[in-house]
Amino acid sequence: MQTAIHHFQKSRLGAAALAVLFLVAVFLPAVTFARNVNVNRNVNVNRNVSHRNVNVNRNVNVNRNVHVNTRRHVDVDVHHGYHHDYHPIATAAAVTATVAVTAAVVGSIVSTVPPSCSSVQVGTVVYQQCGSTWYQPQYYGSSVQYIVVNPPR
Amino acid sequence: MKRMTTLILTGLLLLAPALQAAEQPAAAQEAVRDEEVIKRLAVMGKYLRSLKVMAVQADTTTEDVMDNGQKLQFTGSVEYLVQIPDRLRLEVKNDRHYRVYTYDGKALTQFSPGLGYYATMEMREPVGRMVLQVKEKYDLELPLADLFLWGTDKADTTGIKEAVFIGLEQVDDHESEHFAFREDGIDWQIWIRPGDQPLPDRLVITTTDDPTQPSYNANLKWNLSPQLKEADFSFVPPKGAMKIDIVAVDSAVKQ
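Given the structure is predicted, the values throughout are model-derived calculations rather than measurements.

A few words on the overall build of chain B. Tallying secondary structure elements over chain B gives 4 helices and 13 strands in all. A buried classification covers 38% of the 255 residues belonging to chain B. In chain B, of all internal contacts separated by at least 6 residues, the share reaching a separation of at least 24 is 47%.

As structure tokens, this is what we get:
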């Protein structure tokens, strides 16, 4: 086993220098001609959560460019990419779940709630109450987001 | 006349580099896909699949891109405890994000110690299929999930367009073999330990279909004989923890 590997390494040493040159040649154009891609994970995810008496429409009043903390990649991680069916490894398709909202319209989604909110549980459901606005937290992937809902009481 | 010839010659000389430059991109597109390198990946995969327990600790660097195109870097850590076939514990930590995952073969729980929220996803699959299912069903990507896919039929290498061996390099206290791969949308590099324990020592993934080309970097440390307890894989909600939903992506799209 050991011998085979060493042999493999030796035969590759010469190729290494070539490979480095080659990589430089390949990478430079790739950087120069960067493609424009708009990756947007949250579009077209419409839900009708009738048991909550809330009509959730994720596309209402969503404005992605408001806050500095808008990040295209929320937790960039790895994955598959070795199969054409998969999203590329990691970062690739990782997009923000950070969505800023222009008004507290029922059904709109935010990534954070104001600091003055309080956590309230009604029945088995957890809410964040911020004055007259109620948010229901949920996970989307590994991110927590808050949907504006009708006051539960 | 002589002067004219000189002028023409000078002109040609000046042109020469430009012509050469124009030819370069064509040469650069010649892809090298070294089958020996693909084989090394398979050997590593086979070895990973032979492990019954593992503890992997990784120091990570994540690059996030703001909407103005500026790239930000965050450091963090990933810690896996795995017992094949269907026990897993994972802690993902960085400055903005802390999640603890426990999988007991019946359900995967995602818990945010900072927020106190947890969600459970019912799942009765071996670890390798579980990581794919949560991605498909909940758009939940577990970091370094490739560790559980290499060596299975899910790690299809046909998408690899280029594969080269770069050289032997130092990683922590030992030497490791550096390989580079290119696929549609990603360039990735892996450092594989030579010898009879071909473990990945380091992984770098660069997204190439984003103009800013963000990278993810993980330096891995392995313990192949960890002390594992059943409690590592089960979730007991701490006091004050609150259960919330996790959006099922596939059902959401269908509605």
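Back to the text.
Another aspect to go through is the overall build of chain A. Within chain A, the regular secondary structure consists of 1 helix and 7 strands. Secondary structure of chain A in N-to-C order comes out as α-β-β-β-β-β-β-β. In chain A, buried positions account for 35% of the 153 residues. Taking as baseline every contact in chain A between residues at least 6 positions apart, the subset at least 24 positions apart corresponds to 47%.

Residue and element names in this part refer to chain A. Chain-level statistics for chain A give a pLDDT mean of 52 and a share of 33% at 70 or above. Taken element by element, the predicted model of chain A shows its lowest mean pLDDT in strand S1 (residues 62–63) (26) and its highest in strand S6 (residues 133–140) (93). When the criterion is pLDDT under 50, residues 1–14 qualifies, and its contacts beyond four places in sequence or with other chains add up to 6 contacts. With pLDDT under 50 throughout, residues 19–102 is counted as low confidence; its partners more than four residues away or in other chains account for 188 contacts.

Residues and elements named next belong to chain B. Looking at the secondary structure, you find Thr120 in strand S6 (residues 117–122). In sequence terms Thr120 and Lys106 are 14 residues apart; their C-alpha atoms lie 9.9 Å from each other. Non-local contacts of Thr120, meaning those with residues more than four positions away in its chain, are made with Ala107 and Thr109.

Let us now look at the sheet that holds strand S4 (residues 97–103) of chain B. Hydrogen bonds between backbone atoms are what pair the strands of a sheet, whose relative direction is either parallel or antiparallel. Residue and element names in this part refer to chain B. The strand order across the open sheet formed by 12 strands is S7-S8-S9-S10-S11-S1-S2-S3-S4-S5-S6-S12, and the pairing between neighbours is mixed. Among the strands making up the open sheet, the edge pair consists of strand S7 (162–171) and strand S12 (242–243). Note: strand S8 (residues 174–183) against strand S9 (residues 186–192), 7 bridges, orientation antiparallel. Paired with Glu183 across the two strands is Ile186, which belongs to S9. Along the sheet, helix H2 (residues 35–50) contacts S7, S8, S9 and strand S10 (200–207); its crossing angle with S7, the most-contacted strand, is approximately 60°.

Our focus in this paragraph is the nonpolar core. Grouped burial of nonpolar side chains is what soluble globular proteins tend to show. If you look at the biggest cluster of nonpolar residues, it comprises 59 residues, and the most contacted ones within it are B:Val131 and B:Phe179. At 6 residues, the largest contribution of residues to this core is made by helix H3 (residues 127–138) of chain B. The next biggest cluster of nonpolar side chains, apart from the first, holds 8 residues, and it includes A:Trp134, A:Tyr135, A:Tyr146 and A:Val148.

So, on to the pairing of S6(A). Each regular strand displays side chains that alternate between the two surfaces of the sheet. Burial analysis of S6(A) places 7 of its 8 residues in the buried class, the great majority of the element. Both strand S5 (residues 125–130) of chain A and S6(A) contribute to a ladder of 3 bridges, which runs antiparallel. Residue pairing across strands places A:Gln128 opposite A:Tyr135, the latter belonging to S6(A). From the end of S5(A) to the start of S6(A), which pair antiparallel, there are 2 residues, and A:Gly131 there has a positive phi angle of about 65°. The pairing of S6(A) with strand S7 (residues 143–149) of chain A spans 7 bridges and is antiparallel. Bridge pairing links A:Tyr139 to A:Val144 in S7(A). Taking the residues that link successive antiparallel strands as the turn, the S6(A)-S7(A) hairpin has 2 residues, and the phi of A:Gly141 there is positive, at about 65°. With 2 bridges connecting them, S6(A) and strand S13 (residues 245–246) of chain B associate as parallel partners. In the sheet register, A:Tyr139 faces S13(B), and the bridge partner there is B:Ile246.

It is worth spelling out the pairing of strand S11 (residues 215–223) of chain B at this point. Residue and element names in this part refer to chain B. As paired elements, strand S1 (residues 53–65) and S11 share 8 bridges and run antiparallel to each other. When the sheet's bridge partners are listed, Thr60 is paired in S11 with Ala218. Where S10 meets S11, 5 bridges bridge the pair, whose relative direction is antiparallel. Paired with Arg202 across the strands is Asn219, a residue of S11.

Calculation criteria
- All residue numbers here refer to positions counted from 1 along the written sequence of the relevant chain.
- Working convention: letters from A go to chains and numbers from 1 go to ligands, in the order in which they are written.
- Local features in a predicted model are, by the rule used here, given only for residues with pLDDT of at least 70; side-chain atom pairs are given and counted only at 80 or more, and totals for whole chains, interfaces and linings are based on all residues.
- Each helix corresponds to a stretch of at least 4 residues labelled H or I by DSSP, and each strand to a stretch of at least 2 residues labelled E; elements are numbered beginning at the N terminus.
- Exposure criterion: with C-beta atoms placed from backbone coordinates, a residue whose C-beta has 20 or more other C-beta atoms within 10 Å is buried, one with 12 or fewer is exposed, and one in between is partly exposed.
- The contact rule is simple: place each C-beta atom from the backbone, and if two of them lie within 7 Å, those residues are in contact.
- For every residue, the predictor states its confidence as a pLDDT score lying anywhere from 0 to 100.
- The pairing criterion for strands is at least two bridges between them, as found by DSSP.
- Orientation is described by axes fitted as lines to C-alpha atoms, over the contacting stretch for helices, and by angles from 0 to 180 degrees between their N-to-C directions.
- By convention in this section, buried Ala, Val, Leu, Ile, Met, Phe, Trp, Tyr and Cys residues joined through C-beta atoms within 7 Å make up a nonpolar core.

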